[in-house]
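Results of the structural survey
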Amino acid sequence: MLWFFLAIIVLFIITTLVLFRVEDLSHLDQHDHPIREGSPSEAHHEVLGRIRELGQSSRGLRGKARLAALRKHMDGLSEGLDLQAEFRANEEPRGEWVLASGADPRHRILYIHGGAWAAGSPKSHRGITDRLSHLANAAVFAVDYRLMPENRYMDGVRDCRKAYTWLLKHGPDGPGDASFMVVAGDSAGGSHTLGLLAWIRDNGLPQADAAVALSPSTDLTLTAPSNRDNIRTDPLLGPAFGGLSRIPLPVIWWATLAAFRVSPASAVASPVRGDLRNLPPILIHASDSEMLLDNARRYTAKAQAEGSPVELHTWPGMVHVWHIFVSLLPEADEAFEDIEEFLQKVEAGRTPAQPPQTAQT
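Residues numbered from 1 in each chain as written. Predicted model: local features only at pLDDT ≥ 70, side-chain atom pairs only at ≥ 80, totals over all residues. Heavy atoms only, no water.

What to know about the overall build of the protein
The cut-off we apply is this: Starting at the N terminus, helices and strands are each numbered in turn, a helix being any DSSP run of H or I of at least four residues and a strand any DSSP run of E of at least two. This radius of gyration counts C-alpha atoms alone. The globule rule is 2.2 Å times how many residues there are, raised to the power 0.38. It only takes one pair of heavy atoms within 4.5 Å for two residues to be counted as in contact. Residue-level accessible areas treat just the shown protein chains as cover; the underlying method is Shrake-Rupley with a 1.4 Å probe. Just so you know, the count uses Lys and Arg for positive and Asp and Glu for negative, and it drops His and the chain ends. Note that the charge is assigned to NZ on lysines, CZ on arginines, CG on aspartates and CD on glutamates.
The secondary structure content of the protein amounts to 11 helices and 10 strands. In terms of C-alpha radius of gyration, the protein reaches 20 Å, essentially the compact-globule figure of 21 Å for 361 residues. On the principal axes, the C-alpha backbone points of the protein span a range of 75 × 50 × 40 Å. Pairs at least 24 apart in sequence give 79% of the contacts found in the protein among residues at least 6 apart. In the structure as shown, the protein presents an accessible area of about 16,700 Å², 55% of it carried by carbon and sulfur atoms. Placing the 35 positive and 43 negative side-chain charges of the protein at their respective mean positions leaves the two points 9 Å apart.

See the structure below:
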């Protein structure tokens, strides 16, 4: 009997190594990434209170009831905000247009919201999309991609791909080519954003002119040091996912494969593990205290080593995706000013009549 159990263990180890083939990316942790000077503003304490409310909204609930409470609370993040843009629903692809007054309909941003691929919506992230439309003078399309667990992970990925392809040829007022294309997203949506850029390149579509990823997930294998080191300093992700640090990584990989039906070591789930050559200019924001810090650092280091123009700007002590608290945090205002400067720099580097760049092979 003992030999039987030993054989099962050996088979499990061999199968794990063969199936996942998780490359060691620890060499990317040696790169230096500066952090902005300063400390969190007083308003950050109010944001921490909002985060505690998020946790309390689903306390004592389980399963579908817990998820429904989380989704409801997230959608409520946009309530009471002083939003200036027009919000216009779109049926196919499903999502909403966010239109600042005077926004150029040929300047388009595809926004992919976060929420751990299971929560969030265009409504929950209106604070971000409203500001993006104003600062970029662009028509923002917030895609309402299919969420887990009702749908498969790849369903959401396909929705983002479909939305991008459609957006190249359709604006808020109907058919028409885009003259400037940006893909942006946060957290889980940041993962979809970075994965989408590689898919665009590999499929020969006109590449986005630029991309913005806010506190992105880039590696579902959870091998980056900050996934463990920053559990206590991340008030949002720490309570929700910190317990995973006590589970052996191979067990997490198998569980992820079962839930996502995609290997966590694949590039579609973990963009940092894919080919990062020939990508457009990318701006990444992260906080030095969040669990996903090293996801951003590793992606930036690898992309830069492979010749892609990626910038990482890191804020001290901010909560995960602090941009969504734009009505409260001066640091959120600073972050949007940084995004505006980045997009202006990218656009200034293009010739006036240049269409979205063609993917390189």
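Observations concerning the packing of aromatic side chains
Our working rule: Two aromatic rings from Phe, Tyr or Trp, using only the six-membered ring of Trp, form a pair when their centres are within 6.5 Å; if the ring planes differ by under 30 degrees the pair is stacked, by over 60 it is edge-to-face, and anything between is tilted. For every residue, the accessible area (1.4 Å probe, protein chains only) is compared with the maximum for its type, and the residue is labelled buried under 20%, exposed over 50%, or partly exposed between those bounds. Over a ring means this: the NZ of a Lys or the CZ of an Arg is within 6 Å of the ring centre and within 35 degrees of the ring normal.
Under the definition given, this model contains 7 aromatic pairs. Residues Trp117 and Phe260 carry aromatic rings whose centres are separated by 5.6 Å and whose planes lie at 80° to one another, so their mutual orientation is edge-to-face. Of this pair, Trp117 sits in the loop between strand 3 (104–112) and helix 4 (126–136) while Phe260 sits in helix 9 (residues 249–260), placing them 143 residues apart in sequence. For the pair shown, Trp117 and Phe260 are each scored as buried. Residue placement shows Arg126 over the ring face of Phe87; its charged tip is 4.6 Å from the ring centre.

Some words on the sheet that holds strand 3
Neighbouring strands of a sheet are bound in pairs by backbone hydrogen bonds; such pairs are parallel or else antiparallel. Definition in use: Two strands form a pair only when DSSP identifies at least two bridges running between them. Axes, fitted as lines to C-alpha atoms, cover a helix only where it is in contact. Angles between the N-to-C directions of the axes lie from 0 to 180 degrees.
Spatially, the 8 strands line up as an open sheet ordered 1-2-4-3-7-8-9-10, and their pairing is mixed. The sheet is open, and its two edges are formed by strand 1 (86–90) and strand 10 (310–315), each paired on a single side. Averaged over all pairs of adjacent strands, the angle between their axes in this sheet comes to 20°, without regard to strand direction. Here strand 3 pairs with strand 7 (residues 180–186) via 6 bridges, running parallel. Note that in strand 7 the partner of Leu110 across the bridge is Val183. Here helix 5 (residues 153–167) sits on the sheet and contacts strand 1, strand 2 (95–99), strand 3, strand 4 (138–143) and strand 7; the angle it forms with strand 3, its principal contact strand, is near 175°.

Notes on a nonpolar patch on the surface
This is how the line gets drawn: Patches here are clusters of residues that have more than 30% relative accessible area and form no salt bridge, with a 9 Å joining cutoff for like charges and a 5 Å cutoff for nonpolar side chains (Val, Leu, Ile, Met, Phe, Trp, Tyr). Note on definitions: salt bridges are taken to be side-chain nitrogens of Lys or Arg within 4 Å of carboxyl oxygens of Asp or Glu.
Taken together, the side chains of Phe241, Leu244, Ile247 and Val251 define a hydrophobic patch exposed on the protein surface, amounting to about 290 Å² of accessible area. Mapped onto the secondary structure, Val251 falls in helix 9.

As for the packing of helix 4 against helix 11 (residues 330–348)
For clarity, the cut-off: When describing relative orientation, an angle under 35 degrees is termed roughly parallel and one over 145 degrees roughly antiparallel, while 65 to 115 degrees is termed roughly perpendicular and anything else oblique. For any helix crossing, the convention is left-handed if the near helix is rotated counterclockwise from the far helix by under a right angle, and right-handed if that rotation is clockwise. Residues are sorted three ways: Asp, Glu, Lys and Arg are charged, Ala, Val, Leu, Ile, Met, Phe, Trp, Tyr, Cys and Pro are nonpolar, and all the rest, Gly among them, are polar.
For the pair helix 4 and helix 11, the least separation of the axes is 10 Å and the interaxial angle reads 40°. Classified by the angle between their axes, helix 4 and helix 11 sit oblique to one another. Here the hand of the crossing between helix 4 and helix 11 comes out right-handed. Together, Ile128, Arg131, Leu132, Leu135 and Ala136 of helix 4 and Asp333, Phe336, Ile339, Glu340 and Leu343 of helix 11 make up the contact between the two elements. Of the residues assigned to the contact of helix 4 with helix 11, the class counts are 7 nonpolar, no polar and 3 charged.

Description of the pairing of strand 9 (residues 282–287)
The side chains of a regular strand alternate, residue by residue, between the two faces of the sheet. Here strand 9 lies mainly inside the structure; 6 of its 6 residues are buried. Residues Ile282, Ile284 and Ala286 of strand 9 are buried on one face, and the alternating residues Leu283, His285 and Ser287, pointing to the opposite face, are buried as well. Direction of pairing for strand 8 (residues 210–214) relative to strand 9: parallel, over a ladder of 4 bridges. Within the sheet, the bridge partner assigned to Leu214 lies in strand 9 and is His285.

Observations regarding the pattern of salt bridges
Counting across every chain of the model gives 20 salt bridges. Of the charged contacts in the structure, one is a salt bridge between Lys162 and Glu92, with a shortest N-O distance of 2.1 Å. Taken together, the residues Lys162 in helix 5 and Glu92 in the loop between strand 1 and strand 2 connect sequence positions 70 residues apart. Between Arg297 and Asp294 there is a salt bridge, with the nearest N and O atoms lying 3.6 Å from each other.

Examining the environment of Leu196
Examined against the element boundaries, Leu196 turns out to sit in helix 6 (residues 188–202). When the C-alpha atoms of Leu196 and Tyr164 are compared, they prove to be 8.6 Å apart, with 32 residues separating the residues in sequence.

A short note on the nonpolar core
Burial of nonpolar side chains together is a common tendency in soluble globular proteins. Counted only if it meets this: The criterion is simple. A nonpolar core is a set of buried Ala, Val, Leu, Ile, Met, Phe, Trp, Tyr and Cys residues joined through side-chain atoms within 4.5 Å.
Among the nonpolar cores identified, the biggest contains 42 residues, and Leu110, Tyr164, Ile282 and Tyr299 are the most heavily contacted of them. Look past the residues within four positions of Leu110 in its chain and what remains in contact with it is Phe141, Val143, Cys160, Ala163, Tyr164, Leu167, Val182, Val183, Ala184 and Leu196. Judged by nonpolar contacts, the second largest core, of 37 residues, contains Tyr111, Leu132, Val182 and Trp322.

None of this, on its own, says anything about what the molecule does.
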